[in-house]
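Residue-level structural notes
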Amino acid sequence: MRRLSLLFALFVCTAAVSWAQDPLDGAAWGIYARDISGKVLGARSENTRMVPASNIKLVTTGAALHALGPDFRFRTGIGYSGQIGPDGTLEGDVYIMGGGDPTIGAKDSLALRADALFWKWKTILKSNGIERIHGRIIGDGSSWEGGLEHIEWSYSDIATYYGTGVNGLCFYENAIDVTVSPTKEGEPVAMNQTYPETPWMNVSNYSVTGPAGSGNSLYMFTTDLAPYAELRGTFGLDRAPKVENASNKYGDLTCAYYFWKNLRDTGWEVTGGYARVDRGGYVCGPDFVPQDKASAPVQLGFTESPALKDIARIANRRSDNFYAESIFRAMGEVSSGIASYDSSLVALNVVLEDLGANPSKAVIVDGSGLSRKNAVSPKWMVDYLDAMRGSSAFPAFIATLPAPGEGTLSVVRVPEGVSVKMKSGSMEGVMCYSGYILDATGSPAVVFSAFATNANASSSALRAALIQKISKFAP
């Protein structure tokens, strides 16, 4: 009996070791690498299209830098309707005329602080003779057509900060911070919206404090169809309070509200409150009742975003979906005057053809890679990255890519002496890395792409397996 027990234990241990041997076992995966002379260094399923996740940001940022230039900047106009009196009183409305700047009110170090930006806007008003406003502050993001999100995004994703959509005028990357903490098991989770304020929102709390060990499945679902949100899911009794990040569908109204508040807090007279321009072209206040038709405002001045090369750097290093989608939509706006997803995809395809990367061999639907309908082969990605080396924007492009230990590659380790600049991409069951292995001078020596989809191994195991394969291509 003892012998049988030992044999059984040996079988279990052997099986466990064999099961853990290859994280890629059972997954669909492919890899392709070639040096800059064109010599193929490795290939497996290189022409099979797979889900690239955030590797799509490589395409978005590179194409935009090539087409728009590294120093391209988004512009936000300040305008007015009505009449400016000799005493400095505007009998009319002030318009914030959005041009897609994704950094307005953002919390990263790249963005100008909101109060500093508002100071610039007030300076524009004052330099044009406006001292007080007998009217409204209107946030107008209508210059960018189409819905906020892509229709192929997951319903659970669009409830989160990383799935918030973009429009012509945003604020704080169209996100909402909500502090949550457990209460009693079976009771609603305690919640407090910390920033930004959205006083027009009606929030219902349908969350539940779960038993210890039940984890965190909280989502705050919001919609641009109505100013309404619901907190759903469970939060374990043993979990510490934390900040959850939800999606704000009314960045234009939020921006108007905070500028209106800043004006009043700094002594300006503003009698008409704050409002936004809806899809029908009507001005709506915080009650969301359409009022008058929006005017065609007189533009008094504008402010500019940081340079595209800097926004793209954050998009790639932090894998920022919001910045990537704004960049993607900007290509459509600049190319055709229409910032919808369809027009932006047309603009992207024109750029890819100009670079020599055949767009018909890839399926790209958005700018961030959030959609699982994106499908790219490792070889196509290498062809694209190789084509980018011939772009005048290449120095700016490769500077946006992190090295191991930076950004989303903070946990990535490569063998000593291997120098890499690359982008990661991950979803549930998906892990991707694409980029360049550099020579001793810091120039690209090898272009590579590795995708794994439908995997059930842990992220750390998948990462280690792919990095090991990539590192073998180092010169």
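In what follows, the accompanying structure is described. Along every chain, residues carry numbers that run from 1 in the direction the sequence is written. Whole-chain, interface and lining totals are the exception, using all residues; otherwise, since this is a predicted model, local features are given only for residues with pLDDT of at least 70 and side-chain atom pairs are given and counted only at 80 or more. Values shown for side chains rest on all heavy atoms present in the structure; no hydrogens or waters enter the calculation.

Moving on, we get to the sheet that holds strand β14 (residues 228-232). Strands were regarded as paired on the criterion that DSSP finds at least two bridges between them. To qualify as a helix, a DSSP run of H or I must reach at least 4 residues; to qualify as a strand, a run of E must reach at least 2; elements of each kind are numbered from the N terminus. Spatial strand order, β11-β14-β13: three strands in an open sheet with mixed pairing. Of all the strands in the sheet, the pair left with one neighbour each is β11 (202-205) and β13 (219-222). On average, each strand axis in the sheet is inclined to that of its neighbour by 20°, with strand direction left out of account. Relative to β14, β11 runs parallel, the two being bridged by four bridges. Throughout, an axis means a line fitted to C-alpha atoms (over the contacting stretch in the case of helices), and angles, computed between N-to-C directions, take values from 0 to 180 degrees.

Inspection of the secondary structure puts Ser-471 in helix α10 (residues 459-471). A polar side-chain atom of Ser-471 sits 2.8 Å from the main-chain carbonyl oxygen of Ile-467. In this analysis, two residues are considered to be in contact whenever any of their non-hydrogen atoms come within 4.5 Å of each other. In this structure Ser-471 touches Val-414 and Pro-415, once residues within four positions along its chain are discounted. Whenever two N or O atoms come within 3.5 Å, that pair is a polar contact, provided that in protein one can donate a hydrogen and the other can accept it, and provided that, for residues adjacent in sequence, both atoms are side-chain atoms.

With five of its six residues buried, strand β3 (residues 75-80) lies for the most part within the structure. The sheet contact formed by β3 and strand β20 (residues 298-304) spans six bridges and is antiparallel. Bridge pairing links Thr-76 to Thr-303 in β20. When β3 meets strand β6 (residues 94-97), the two strands line up antiparallel, connected through four bridges. Following the sheet pairing, Tyr-80 is matched in β6 by Val-94. The classification of residues rests on relative accessible area computed with a 1.4 Å probe and restricted to protein chains. Under 20% of the type maximum is buried, over 50% is exposed, and intermediate values are partly exposed.

Put simply, helix α2 (residues 56-68) and helix α6 (residues 321-336) touch, their axes get as near as 10 Å, and they point 40° apart. Put simply, α2 runs oblique to α6. Our pair here, α2 against α6, has a crossing hand that is left-handed. On α6, the residues touching Lys-57, Thr-60, Thr-61, Ala-63, Ala-64 and Leu-68 of α2 are Asn-321, Ala-324, Ile-327, Phe-328, Ala-330, Met-331 and Val-334. Tallied by class, residues from the contact of α2 with α6 come to nine nonpolar, three polar and one charged. Each angle is binned into one of four classes, with values under 35 degrees roughly parallel, values over 145 roughly antiparallel, values of 65 to 115 roughly perpendicular, and all other values oblique. By convention the crossing between two helices is left-handed if the near helix lies anticlockwise of the far one by an angle smaller than a right angle, and right-handed if it lies clockwise. Polarity classes work like this: nonpolar for Ala, Val, Leu, Ile, Met, Phe, Trp, Tyr, Cys and Pro, charged for Asp, Glu, Lys and Arg, and polar for all others, with Gly in that last group.

Looking now at the pattern of salt bridges. Salt bridge, as used here, is a side-chain nitrogen of Lys or Arg placed within 4 Å of a carboxyl oxygen of Asp or Glu. Under the counting rule described, the total for this entry stands at 21 salt bridges. The salt bridge involving Arg-132 is made with Asp-87; its shortest N-O contact spans 3.9 Å. Remark: Asp-87 occurs in the loop between β4 (83-84) and β5 (89-91) and Arg-132 occurs in strand β7 (residues 132-133); sequence separation between them is 45 residues. Between Arg-113 and Asp-115 there is a salt bridge whose closest N-O contact spans 3.0 Å. Here the residues in one salt-bridge network are Arg-34, Lys-379, Asp-383, Asp-386 and Arg-389, joined through shared partners.

What follows concerns the sheet that holds strand β10 (residues 190-195). One open sheet accounts for three strands, arranged β10-β9-β16; its pairing is antiparallel. Only two strands of the sheet have a single partner each, and these edge strands are β10 and β16 (242-247). Going across the sheet, the axis of each strand differs from the next one's by a mean of 35°, ignoring polarity. Relative to β10, strand β9 (residues 175-181) runs antiparallel, the two sharing five bridges. If you follow Val-180 over to β10, its bridge partner there is Met-191.

Most of strand β22 (residues 430-438) is tucked away, with nine of its nine residues classed as buried. Of the strand pairs in this sheet, β22 and strand β23 (residues 444-453) are connected by eight bridges, and their pairing is antiparallel. In the sheet register, Ile-437 faces β23, and the bridge partner there is Val-446. In this structure, the hairpin formed by β22 and β23 is closed by a connection of five residues, where Gly-442 is found at a positive phi of approximately 90°.

Within the largest apolar cluster, 62 residues are counted, with the highest numbers of intra-cluster contacts made by Ile-364, Trp-380, Tyr-384, Phe-397 and Tyr-436. Contributing elements (two or more residues each) for this core: α2, α5 (308-317), α6, α7 (341-355), α8 (378-388), α9 (394-399), β22 and β23. Judged by nonpolar contacts, the second largest core, of 45 residues, contains Ile-96, Ala-114, Leu-125 and Phe-171. Think of a nonpolar core as a cluster: buried Ala, Val, Leu, Ile, Met, Phe, Trp, Tyr and Cys residues, connected wherever their side-chain atoms sit within 4.5 Å.

The next subject is the side chain of Glu-244. In this fold, Glu-244 is placed in strand β16. In this structure, Glu-244 is in contact with Ile-176, Asp-177, Val-178, Val-180, Asn-216 and Leu-218, ignoring residues within four places of it in sequence.

When you line up the elements, Arg-389 lands in the loop between α8 and α9. Taking the relative accessible area as the measure of exposure, Arg-389 reaches 31% and is therefore partly exposed. Residues Arg-389 and Arg-49, 340 residues apart in the sequence, show an inter-C-alpha distance of 23 Å. Sequence-distant contacts of Arg-389, that is, excluding residues within four places in its chain, are made with Ile-36, Phe-394, Tyr-436 and Pro-444. Side-chain polar atoms of Arg-389 contact the side chain of Asp-386, separated by 2.8 Å.

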